[in-house]
Each structure stands twice: as structure tokens, then as C-alpha cells.
Amino acid sequence: MGADFVVLSLVPLLIGTLAAVACALPGNFLLLRRQALIGDAISHVVLPGIVVAFLITSSVNSWAMLLGAGAAAIVAVALIEGISRLGRIEPGAAMGVVFTAMFAGGVLLLEMSDTSAVHLDVEHALYGNLESLIWIEATGWASLTDPEALAGLPPELARIALAALGIAIFTWVLWRPLAMATFDEGFAQAQGIPTVALGLGLVIAAAVAAVAAFDAVGSIIVIAMFICPPAAARMMTDRLGHQVAWSLGFAVLSAVMGYVLAGYGPIWLGGNDAVSAAGMIATVSGAILGLTCLYGPKRRSDVSNINSSAKH
Amino acid sequence: MLFEALTFQLGYNATLVALGAALLGISAGATGTFLFLRKRALVSDAISHATLPGIGLAFIVMVAFGGDGRNLAGLLLGSALSAGLGLLAVQWISARTRLGEDAAIGAVLSVFFGAGIVLLTVIQTMDSGRQAGLEGFLLGATAGMLLSDALVIAIGGAAALALVVLFRRPMTLAAFDPGYAVAQGMNLQRIDLATMGLALGVTIIGLKVVGLILIVALLIIPAVSARFWTDRSDRMVVLAGVFGGLSGYVGAAISASAPALPTGPLIVLVAAALFGASLLIAPGRGVLAALIRHVGYRRQVHLRQGLLTLAQGLPIYENYTLRLLTRAGLARPDGVATEAGRAEAAKALRDEARWAMARQLQAHEAASALYDGLRPIATVLTADEIAEIDARLGPPKQVTA
């Protein structure tokens, strides 16, 4: 745990953890609203949003990308809504049409445009490159107090930290209306809560999380960050506050364990090359979900809970 | 170059690939229709992403036994096994835990994909793995495809299509009317399993051409496009097959006509273009049809209300109504009725009076429920019934200027 760790692992570890936290927060509400696949759709359409923003501004400016991805998310949600209303198509299928088509457009644009100067390529977009976000200027733990070295931190760290903070504030400030709109939309509306705007706000928060996590884990594995920790947390408790707390714990655990297993696991097994950290984080979060599905105290569906309590 | 590709002049391999993609598209479109009607469309997204770890493991196993890791048949077998496992996981999670199917789909697709990426990075560190080219399975790559691979795809596509044709009757019935299918003694679970198995087969065959990330589009988009054109499930299956086949064929041809154009995204974008066209121009459900219906309705309402206004002997001031009436020669530009206008107005007034009378009569209760202020009563009641109403109403009133 010396200088090597600070240079090579500290920043990716932090980015992975923050990304997992930023995704798990909106993920909890999406899961409870049965909109888990909105997270899926958003993480796919982030790609065309980022590519179009890049083609317009020809830079990898974070604000432009954030705007592009946010716009793409809103366009996607509007298209899904429009198609399912106009054609009276089931929303799941409408979603399948929209996000695959937009993702295909993004991939094609990316393949056809010259993005070799910036690290924006298809493989990167699919599963990120957490390992490349190293802190070259660091010399050891002392660098944490050295302003010159701190200036050399990868910009992705500040971006994801800001996104995680923003999403945490969003969740904290809107906790009560979000909870109400999630569990009883009709009641929330009767209370004067603008549920449609709130739903859109949730989509935008998820889009922000997806963009910020894009560098680290790409647009497919981020789905695991949205769904797995909240789903595992749902197996542990019936209370929303506890569920969010559990999900944050699981998110941090998956990120840290995944990163450590990816970086050091092969070495322990006698190999000498690390494997994909993003992939390993998703795998660990899946393993946690699998364990909670098997042994979590609240794993059964609500109906069977009622049945079993009626029997006793 | 595109023309050559579309007319099979780009060589044996490109032709085989285009044909294979077309066959694949037809079977994907048809299979997707059954999935769509059973509301299971996105389950196939989990299946397709779940193929990746199987591909990686198959490669590692084949290399470990001293074979060529790139053998397509072996890779596809591995992908089928892990995709089946993914499907079981989705079903187990949504049946045995409190999580919904949507969460199960999302969790399975992302976790299996992540595990697959881990395996891909393992393979990259193997001596024989550097040139493996397994990344081609992500988004589809037909460039530099071996003849044997193209054959596997063409034969696989044909086999899937044959299975669709073979099972079309029970699957159509289960998709269209599950209750009736059960009453007919069919095993719904087994049919669903067959449908999912077919979707799995299409996914596996499509891996090399479309890639595992986008193959789900070929199962969903043609079916949704076909939905716009027809309400009949048998026609929908055929139409979806046509859309899927066209997408596969045209997309593969475009991709073959220029280097560095990925096949999968192109096929999906062709399918999306067909969908966009369906959304716009399909009769009945299409946007254009809805727009025309709306304009026509608005026109009818304004004409009718304008005539009723003329019948009161009042001039027309509203612009749109006035334009409609003058164009039809029923009113003068100053809003006063012409001779023809007075006659039409009298007819409209008579029609309203007949409707009002019909609504009071119990014998016409069913018919009078159809009153919407636009429908002429002659389209609802017979001449005899109208004559009877007229007898009660007395002689028609004239409209005077």
C-alpha cells in the first residue's frame, strides 16, 4: 500500500466507488417504480448523446457531453412515450425499439467519425476503461496534500464526485415527495406533488449518473450499478430508508471488491495481467445479488409473504 | 458498390452473408412477433447479453483442449449454454423473489455481460487469445468472415425459419388468445419455452452478423413495425418477417459495400427506418392516418355546425367554417347562405330533428346511441323507420334567407 497504490489504484477505486454510489441512489427509486429498464435505456442512449455532443463541439468537454447525454435521455423518454401512445404499443417494446435504434446510431456515428485523438471508441463505450484513469503526478500518500500533484488528478474524478454529490442532494431534498410518488402516485398527486416532473427529474438524475460513470464502466456495465445493489438491498428490508442504506453499502462493496479482485486476483492466482475492473465490479454486484436472492430475509415476493404469515 | 452488394455481385462470401442475414431477419421478425404479443420482448435482451461469458468460456475450453478457439460452431454452442443459463436466471429471479421481471432482465444482462468482459480480458492475456477477435461478437462483424462461418449462418437462419413455419400455429394461438389455447389442450408453458428457445436460436445465429448488443433490435423492431399495419396476428407474423428480412439483407449489403461499416448497427438502423416509415404512413395506426382522420373530423364538425347555423338564418363569421361553406358553394363570402346552402341546411336541420325524435322513441334506443352530431340518420335507420319518424315530425321546415 505504498506509492504504487496511490498512483495506479487510488483514483480508479474512488471513481468506481463514486460511480456505483451515484447510480445506486436513483436506481433504488427506478427499481421500486418498476422502471428498472429505464436505467437500461438511458445507459444505452447516453452513447449517441455523447457522440453527437462530441461531433458538434469537437472536444470531450464534460459539460457538452452532459448536455448531449441529458438531451438524448429526454428524447428517448419522449420517443418511448410517444410511440407507446400513438401506436398503442406496450412500453417495454417501445423502449426496445428506441434504445436499440439510438444505440445503433451512436455506434455508427462513432465508427464513422475520427475520434482517434480523444479516447472515445466503441469498446471504451461498451465497457469503460477504469484502469486507465491513473494519477501520474502522484508520488505517494503525501501527494494528497500537494496542490501541484492534486492539479494532475484525472478530471473524471472531479466529474463523478460532483455528479454523486448532486444526485445525493437531489435524493435528500426530494426524499419525501420521491418516496410518496414511488409508493402511491395517486396519493402523491392528490397532495399536490408534481409527479410527472418528479419522474422526469429521476430520469435526468439517472442520465447524469450514467454519463459520469460512462468513462469508468461504459454504457452496459453501468446497468449493473443501477439495478444490482438496489435489487440486493430490496432482499434485505421492507423500509425505503434501510433499502437505500443497504444499496449504498452493496454498491461500495461491489466497487471495492470488484476493483481489488480484477487488479490483484489474477496475481494471487499466479497470473500477471489484470482483468477488466468494470466487468469484475458488475460480476461482484451480481454475486451479491445472487446471494441475497438465495438468503436475504425479505427475498420472497410480497404475495408469498402474506400467504406464509397467514398460515402461522 | 451498394447496387452490386444488393444484387449479389460482391463475391461468394458477401452473398452468403447477405442471404444468411435475410433469413435470420425473417426468422427474427417472426419469432419477435410471438415474443411481442406475449409481452416478453425484452427478455431476449437478457438472453443476448448472457451469451458473452459462454463465448469466452468456449474459447478458453477449446484452446485448453488444443483446438482452434475461433471455431464458430464451438463458440455458438458455448453462447447457447450461457444464454440458456441467463434465461433460467431471469425466470428464477422473477418467479422466486419479489423482484419484477424488469429488474431481473436488467440484472442478468449487465452481470453476464460484465462477467463476459472479464473473460475477454483474460483471453487477451492468453498467447492464442490476442488475435481471437471475439470483440466482433459485440457489434457484429462480417468483414473477413470465413466461408464456413457464412455457411453456419445461412444454414442456421434457414433452420430457424423452418422451425418458425413448423410451430407457427400453436405459437400464433398462444400469442393471440392464450385462454383459448389452454382450452384447446395446449401446454402454454411448453409453447412459451419453444418461443424463447427459438428466440435463443435466433440470437445465437445472429451473434456474428448483428452482434449480441443489438440482436434484440431485430427481434423487437420488425414486430412493432408490423403492429402498425395490421390487427391480425397471422398477417403480423408475415409482415414482421418481411421487415426483418429486408433489414437483414439491406443492412448486410450496405455494410459489405464499404469497409469499416459495422454490420449490426446498419441492420438495426435499416429496421428503424422501416419502423419510422410504418409509424408515419401505416393506415389506421400511423401518424399520417391519424392526422388525416383528425382533419377530416374537424372539417365535418365545422360543416355540420355551419349548416345548422345557416338553418337558424344566421350568417357565418368563423373563418374556417366560412371557407368550407363557400368552397362548397353553400354560402356567400359574406356568410349568408346560397340557394344550395339553404337546401343543405334544411337537410341538416331535418336530420337533427329526426335524431331528436329517434332518441325519444324506445324502438330506436340502440340506434340513437350512435348519435354523434355528424352521422346522417339514414346510415343508421332504414327508409321505413325514417318515414315513420317523419310522420311524427310533420312536414319539413324551409330555411329562408
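Residues numbered from 1 in each chain as written. Chains lettered and ligands numbered in written order. Predicted model: local features only at pLDDT ≥ 70, side-chain atom pairs only at ≥ 80, totals over all residues. Heavy atoms only, no water.

**Looking at the overall build of chain A**
Then, in step 1: If you tally the helices and strands in chain A, you get 13 helices and zero strands.
Then, in step 2: In chain A, the order of α-helices and β-strands from amino to carboxyl end is α-α-α-α-α-α-α-α-α-α-α-α-α.
Then, in step 3: Against the compact-globule benchmark of 20 Å for 312 residues, chain A has a radius of gyration of 20 Å, which places it among compact chains.
Then, in step 4: Across the 312 residues that make up chain A, the buried fraction comes to 56%.
Then, in step 5: Once local pairs closer than 6 in sequence are excluded, the contacts in chain A between residues at least 24 apart make up 72%.
Then, in step 6: In the structure as shown, chain A presents an accessible area of about 13100 Å², 67% of it carried by carbon and sulfur atoms.
Then, in step 7: For chain A, the centre of its 12 positive side-chain charges and the centre of its 19 negative side-chain charges are spaced 24 Å apart. (Helix = DSSP H or I, 4+ residues; strand = E, 2+ residues; numbered from the N terminus. Rg over C-alpha atoms; globule rule 2.2 N^0.38 Å. Buried < 20%, exposed > 50% of the residue type's maximum accessible area, 1.4 Å probe, protein only. Contact = heavy atoms within 4.5 Å. Areas by Shrake-Rupley, 256 points an atom, 1.4 Å probe, with all protein chains shown as cover. Lys, Arg positive; Asp, Glu negative; His and termini not counted. Charge placed at Lys NZ, Arg CZ, Asp CG, Glu CD.)

**Things to note about a positive patch on the surface**
All names here are of chain B.
Then, in step 1: A cluster of basic residues, Arg298, Arg299, Arg323 and Arg327, forms a positive patch on the protein surface.
Then, in step 2: Going through the elements one at a time, helix H14 (287-311) and helix H15 (319-327) are the ones with two or more residues in the positive patch.
Then, in step 3: Considering the arrangement of structural elements, one finds Arg323 in helix H15. (Patch = residues over 30% accessible without salt bridge, like charges linked within 9 Å, V, L, I, M, F, W, Y side chains within 5 Å. Salt bridge = Lys/Arg side-chain N within 4 Å of Asp/Glu carboxyl O.)

**As for the packing of aromatic side chains**
Given two aromatic rings, their pairing is described by the distance between the two centres and the angle made by the two planes.
Then, in step 1: Overall, the coordinates contain four aromatic pairs over all chains when judged by the stated rule.
Then, in step 2: Here A:Phe29 and A:Trp175 contribute two aromatic rings whose centre-to-centre distance is 5.9 Å and whose plane-to-plane angle is 80°, an arrangement assigned as edge-to-face. With A:Phe29 in helix H1 (residues 3-32) and A:Trp175 in helix H8 (residues 175-183), this residue pair connects regions lying 146 residues apart in the sequence.
Then, in step 3: Sitting above the plane of the B:Tyr320 ring, B:Arg298 keeps its charged end 4.2 Å from the centroid.
Then, in step 4: The ring of B:Tyr371 is capped by B:Arg359, whose NZ or CZ atom sits 4.4 Å from the centre of that ring. (Phe/Tyr/Trp six-rings, centres within 6.5 Å; stacked < 30°, edge-to-face > 60°. Lys NZ or Arg CZ within 6 Å of the ring centre and 35° of its normal.)

**Observations regarding helix H13 (residues 263-281) of chain B**
Then, in step 1: Taking 1.5 Å of rise per residue, the 19 residues of H13(B) would be expected to cover 27 Å, and the 27 Å separating its terminal C-alpha atoms lies within 8% of that figure.
Then, in step 2: Among the residues of H13(B), B:Thr263, B:Gly264, B:Pro265, B:Leu266, B:Ile267, B:Val268, B:Val270, B:Ala271, B:Ala272, B:Phe275, B:Ser278 and B:Leu279 are the ones counted as buried. (Expected span 1.5 Å × (residues − 1).)

**Some remarks on the domain arrangement of chain B**
Interfaces are often described in size by the accessible area the parts lose on coming together.
Then, in step 1: As assigned here, chain B comprises domain 1 (2-280) and domain 2 (288-393).
Then, in step 2: On a C-alpha basis, the centroid separation for the pair domain 1 of chain B and domain 2 of chain B is 55 Å. (Domains from an automatic or database assignment.)

**A few points about the state of the cysteines**
Residues and elements named next belong to chain A.
Then, in step 1: In the structure shown here, the tally under the stated rule is zero disulfides over all chains.
Then, in step 2: Cysteine Cys23 shares no disulfide, and the gap to the nearest cysteine sulfur, in Cys228, comes to 11 Å.
Then, in step 3: Assessed through its relative accessible area of 0%, Cys23 is described here as buried.
Then, in step 4: The cysteine Cys228 is free of any disulfide, with Cys293 supplying the nearest cysteine sulfur at 9.2 Å. (Disulfide = S-S within 2.5 Å.)

**Remarks on the environment of B:Arg168**
Then, in step 1: Tracing the backbone through its elements, the reader meets B:Arg168 in helix H8 (residues 147-176).
Then, in step 2: Taking the C-alpha atoms as reference points, B:Arg168 and B:Val237, separated by 69 residues in sequence, lie 8.9 Å from one another.

**A word on H15(B)**
Residues and elements named next belong to chain B.
Then, in step 1: Tyr320, Thr321, Leu322, Leu324 and Leu325 are the residues of H15 that are buried.
Then, in step 2: Among the structural elements, H14 are those in contact with the buried residues of H15.
Then, in step 3: In this structure Glu318 caps H15, since a side-chain oxygen of it lies 3.4 Å from the backbone nitrogen of Tyr320. (Polar contact = N/O pair within 3.5 Å; in protein donor to acceptor, adjacent residues only side chain to side chain.)

**What to know about the interface of chain B and chain A**
Then, in step 1: With 51 residues of chain B at the contact, the number on the chain A side is 60 residues.
Then, in step 2: Summed over the shared surface of chain B and chain A, the number is one salt bridge.
Then, in step 3: Of the charged contacts in the structure, one is a salt bridge between B:Arg98 and A:Asp238, with a shortest N-O distance of 2.6 Å.
Then, in step 4: Where chain B packs against chain A, one counts nine residue pairs in polar contact (both at pLDDT 80 or more).

**Focus on a nonpolar patch on the surface**
Then, in step 1: Nonpolar side chains collect at one region of the surface, where A:Leu253, A:Met257, A:Leu261, A:Tyr264, A:Ile267 and A:Trp268 lie side by side and expose about 580 Å² of accessible area between them.
Then, in step 2: Along the chain, A:Met257 turns up in helix H11 (residues 240-268).

**Observations regarding the pattern of salt bridges**
All names here are of chain B.
Then, in step 1: Using the criterion set out here, one finds 16 salt bridges over all chains in the structure.
Then, in step 2: In this structure, the salt-bridge partner of Arg227 is Asp231, at a minimum N-O distance of 3.0 Å.
Then, in step 3: Look at Asp231 and you get exposed, because its relative accessible area is 56%.
Then, in step 4: The residue Glu344 makes a salt bridge to Lys347 at a minimum N-O spacing of 3.3 Å. Taken together, the positions of Glu344 and Lys347, both in helix H16 (residues 339-360) and three residues apart, correspond to about one turn of that helix.

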